[in-house]
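Overview (structure and organization)
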Amino acid sequence: MSTRLVRAAVALVAAAALAACGATGPSGPAATDLDPTGDVRAHDPALVVGEGDEPWYVFSTGDVRVGAGSPQVRRSVDDGRTWEDAGTVWDAASRPRWVYERVPGVQNFWAPEVVEHDGTWYLYYAASTFGSNRSLIGLMTSPTLDPDDPAYAWSDRGEVIASEPGRDDWNAIDPSVLTVDGTPWMAFGSFWGGIQLVELTWPDGTLAPGAEPVTIASRIGAENAIEAPTLVERDGWFYLFVSRDSCCQGSDSTYSTAVGRSRDVAGPYVDRSGRAMTQDGGEVLLTTRGDRVGPGGESYSRGYLAHHWYDAADGGEIRLGIRELAWDDAGWPVASTREEQAEDGG
């Protein structure tokens, strides 16, 4: 058979497959996986999508071997597809030494959050040790995210909130900040009492006077395996993304990502069936699929959801995932791609 005939036969088979998919395959909205490459070893990524031609940034949990455990910085100049190392927020000389007294045993700094207000960038970070709620959320600010800008410098703004064993039934880690009608709100928390919400104030970026945390999401059961909240506002709804079950165990991780929504930033947040997130509710968005294990530690920026996952085909190595979310007619986010929907049968 000639090469031309072989190509024609292949084209006919492909056309038939597409026709069959159109008749019985998946329909409706689907997410787009950017499938990022380059330096993508980012845990708990905080994504900042640049405007227009501006670079994108990812800030992530620190590595004790690099920059004294400081949050790490990565940059992309091709809209999130290829990433390069851009240093750390601080080094051994400039690290916030007071944190080591407040949280004995801290080695690296977790799950940063990066937001802009009135020309200043605010970086929130968590200091803790595994299995303890002796934790705190601290704050740094900088006039720019560009490490090549002469004005680039992170300034220590101290402690935002702290939790202590025996005093608090919540854990001061995993911050997410959303400004609503000029007022900043911070969701945070892990295990213990679940996800908390507390009011902040601008321009300080710290707790509002008299502010007290309130629970907005919780699992049922003593372990309360829920953490890594992300607050998003869209079309009159407030969305609360969370990570559930266990992270940080490589290929044995059981993390998954879920979401609920509310008409008020303070809740109540419910899933599609109306079940409250304070009672284990939540729409599952991402879960283990093949070698992509334990997707979670998510953040959101300008329509894109970033998360980490563990590559079972590479010994459980950490990988950065970024997906442009789709939204269905009822206003719920869709994180699955068309190919994944086809694998699931629709």
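Model, not experiment: these values are computed from the prediction.

How each quantity is defined
Residues numbered from 1 in each chain as written. Predicted model: local features only at pLDDT ≥ 70, side-chain atom pairs only at ≥ 80, totals over all residues. Heavy atoms only, no water. Phe/Tyr/Trp six-rings, centres within 6.5 Å; stacked < 30°, edge-to-face > 60°. Buried < 20%, exposed > 50% of the residue type's maximum accessible area, 1.4 Å probe, protein only. Helix = DSSP H or I, 4+ residues; strand = E, 2+ residues; numbered from the N terminus. Pairing = 2+ DSSP bridges. Axes fitted to C-alpha atoms, helices over the stretch in contact; angles between N-to-C directions. Contact = heavy atoms within 4.5 Å.

This part takes up the packing of aromatic side chains. For the structure on display, the rule yields 14 aromatic pairs. Measuring from ring centre to ring centre gives 6.5 Å for Tyr57 and Phe59, while their planes differ by 40°; the resulting arrangement is tilted. We classify Phe59 as buried; its relative accessible area is 0%. The interplanar angle of 65° and the centroid separation of 5.1 Å between the aromatic rings of Tyr239 and Trp327 together place this pair among those described as edge-to-face. Taken as a pair, Tyr239 in strand β17 (residues 237–244) and Trp327 in strand β23 (residues 326–327) lie far apart in primary sequence, 88 residues in all. Here Trp327 falls in the buried class, since its relative accessible area comes to 16%.

So, on to the sheet that holds strand β6 (residues 82–88). One open sheet holds the five strands; their spatial order is β2-β6-β5-β4-β3, and the pairing between them is mixed. At either end of the open sheet lies a strand with only one pairing partner, and these are β2 (37–38) and β3 (46–48). Note that strand β5 (residues 72–76) and β6 share three bridges and pair antiparallel. By the bridge assignment, Arg75 is partnered in β6 with Glu84.

Below, the discussion takes up the sheet that holds strand β19 (residues 283–286). Strand pairing within a sheet occurs via backbone hydrogen bonds; the two strands may be parallel or antiparallel. Spatially, the four strands line up as an open sheet ordered β16-β17-β18-β19, and their pairing is antiparallel. The open sheet has two free edges, formed respectively by β16 (226–234) and β19, since each of these has just one partner strand. Ignoring strand direction, the axes of neighbouring strands in this sheet form an average angle of 30°. Alignment of β17 against strand β18 (residues 256–262), held across seven bridges, turns out to be antiparallel. If you follow Leu240 over to β18, its bridge partner there is Gly260.

Our next topic: the environment of Pro165. In this structure, Pro165 sits in the loop between β10 (155–163) and β11 (176–180). Judged by relative accessible area, Pro165 falls into the partly exposed class, the value being 41%. Sequence separation of Pro165 and Asn133 is 32 residues, and the distance between their C-alpha atoms is 5.8 Å. Those residues in contact with Pro165 that sit more than four places away from it in its chain are Ser132, Asn133 and Arg134.

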